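Residue strings, one per chain:
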Amino acid sequence: MVSLIRRLPQCGNNLFLQANKNHINNSCLVLTRNTVILKRQWAVPLTNPGDIPHLKDKHRVFKFVENTDAVKLPDIQCILTDNIDGIGYKNELVTVKRKFFRNVLYPAGLAMYASPENVEKFAVKSEEFLGSRWARLTLKTLSNMYLAIPMSGDNPWVLSKEHVVVAFRLRGVEVAEEAITLPDKVITEPEEIDIQLKMNGKEEVTVKCLIILKHKDPSKDVIPTNLPTTLKRQKKHRQIGND
């Protein structure tokens, strides 16, 4: 029993060393995709055919030429297999970063290589789409927007496209008047309405709007109970600023 206890630490050390040795051996088997190009500092003298050249110490001196792993590769063209916001439409031939294609798009099945066969079979020219690659993202942003249109609470008014343009500008969006379509009825009172926007002259999106009254005296401004939370916070912030 005593001899067994004395040998246990030794067995444990041997197992520990063996485990570390296996770990080191396994680590050496990891392959990396990189290439370092070197060039001999001194040229090796010519020899007769079949003879082995005699190398001196100076012939084993190399100078660094290039590390291909550090070279920045150009962007890659690929064909999208689905609509992706901010990138493009399905079957569109786009150019993206190689790392983004290999790590995100290709593993997820969202894009394929732009081989000549795939280009001939799937690719569609960008001119055939309804808008640019940012059109889909812009449409999504506008469709989720709840626009507050401030109107005078002290003077009579009739809603016009110019008022809508100013409301969009307050939200950081520039819209042309000819791209706006107002409801057919004449609007002279606060209410919730839907307006239509035409982007690039082709794609349309509906934007929900709420007309609110602004008075010269900020204390008279009333926040409707059905106002969305984000817009209500913006309204309160403006009241605090006016005070």
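Since the model is a prediction, treat every value here as computed from it, not as a measurement.

J.: Whenever I open this one, the overall build of the protein chain confuses me. Can you help?
T.: If you tally the helices and strands in the protein chain, you get six helices and nine strands. Split into buried and exposed, the 243 residues of the protein chain put 22% on the buried side. Long-range contacts, defined as pairs at least 24 residues apart, comprise 51% of the intrachain contacts of the protein chain with a sequence gap of at least 6. For the protein chain, the exposed surface amounts to about 17,900 Å²; the carbon and sulfur share of it is 54%.

J.: Explain the pattern of salt bridges to me, please; I cannot follow it from the model alone.
T.: Pairing between side chains becomes possible if they bear opposite charge and their charged atoms approach one another. Scanning all chains against the criterion turns up six salt bridges. Across the salt bridge formed by glutamate 204 and lysine 198, the nearest N and O atoms sit 3.7 Å from each other.

J.: Looking at this structure, I do not really get the confidence of the model for the protein chain. What am I missing?
T.: The predicted coordinates ought not to be read in detail in places where the model reports low pLDDT. Residues of the protein chain with pLDDT of at least 70 account for 73%, and the chain-wide mean is 76. pLDDT under 50 marks residues 1–30. Its contacts with residues more than four places away, or in other chains, come to zero contacts. Scored below 50 in pLDDT, residues 229–243 shows 19 contacts in the model against residues more than four places distant or in partner chains.

J.: Please explain unusual backbone geometry as it appears in this structure.
T.: Generally, phi is negative for residues other than glycine and the peptide bonds are trans, each holding for most cases. In this model, asparagine 91 sits at a positive phi of 65 degrees, which is unusual for a non-glycine residue. Along the polypeptide, asparagine 91 turns up in the loop between β3 (76–80) and β4 (93–96). Residue asparagine 91 is classed as partly exposed on the basis of its relative accessible area, which comes to 23%.

J.: Looking at this structure, how should I read the environment of aspartate 57?
T.: As for its placement among the helices and strands, aspartate 57 is situated in the loop between β1 (36–40) and β2 (62–67). Taking relative accessible area as the criterion, aspartate 57 reaches 64% and is therefore assigned exposed. A sequence separation of 15 residues divides aspartate 57 from tryptophan 42, and the C-alpha atoms of the two residues are 9.9 Å apart.

J.: Explanation requested: the pairing of strand β6 (residues 146–152) in the structure shown.
T.: Along any regular strand the residues' side chains alternate between the sheet's two faces. Across the seven residues that make up β6, a large majority, five, are buried. In terms of strand pairing, β6 meets strand β9 (residues 203–214) through seven bridges, oriented parallel. Its bridge partner being in β9, methionine 151 is matched across the sheet by leucine 213.

J.: What am I meant to see in the sheet that holds β3 here?
T.: Picture the strands of a sheet paired through backbone hydrogen bonds; they go either parallel or antiparallel. In space, the three strands of this open sheet follow the order β4-β3-β5, with antiparallel pairing throughout. Because the sheet does not close on itself, it has two edges, and the strands there are β4 and β5 (111–113). Each neighbouring strand pair of the sheet contributes to a mean axis angle of 45 degrees, computed without reference to strand direction. As paired elements, β3 and β4 share four bridges and run antiparallel to each other. For glutamine 77, the partnering residue across the bridge sits in β4 and is threonine 95.

Here is what the cut-offs are and how they apply
- The residue numbering used here restarts from 1 in each chain and proceeds along that chain's sequence as written.
- Local features are withheld for residues below a pLDDT of 70 in this predicted model, meaning they are given only at 70 or higher, and side-chain atom pairs are given and counted only at 80 or more; totals for whole chains, interfaces and linings count all residues.
- Calculated side-chain values reflect all of the structure's heavy atoms, with hydrogen atoms and water omitted.
- Note on conventions: DSSP H or I runs of at least 4 residues are helices, E runs of at least 2 residues are strands, and numbering of each starts at the N terminus.
- Burial here depends on accessible area, computed with a 1.4 Å probe over protein chains only, as a share of the maximum for the residue type. Under 20% is buried, over 50% is exposed, and the range in between is partly exposed.
- We call two residues contacting when some pair of their heavy atoms lies within 4.5 Å.
- Here the Shrake-Rupley method, with its probe set to 1.4 Å, supplies the accessible areas, and only the displayed protein chains count as covering residues.
- We count a salt bridge whenever a side-chain nitrogen from Lys or Arg sits within 4 Å of a carboxyl oxygen from Asp or Glu.
- One number per residue, pLDDT, summarises how confident the predictor is, and it ranges from 0 to 100.
- The criterion for strand pairing is that DSSP finds at least two bridges linking the strands in question.
- Geometry is summarised by axes, namely lines fitted to C-alpha atoms with helices restricted to the contacting stretch, and by angles between N-to-C directions that run from 0 to 180 degrees.

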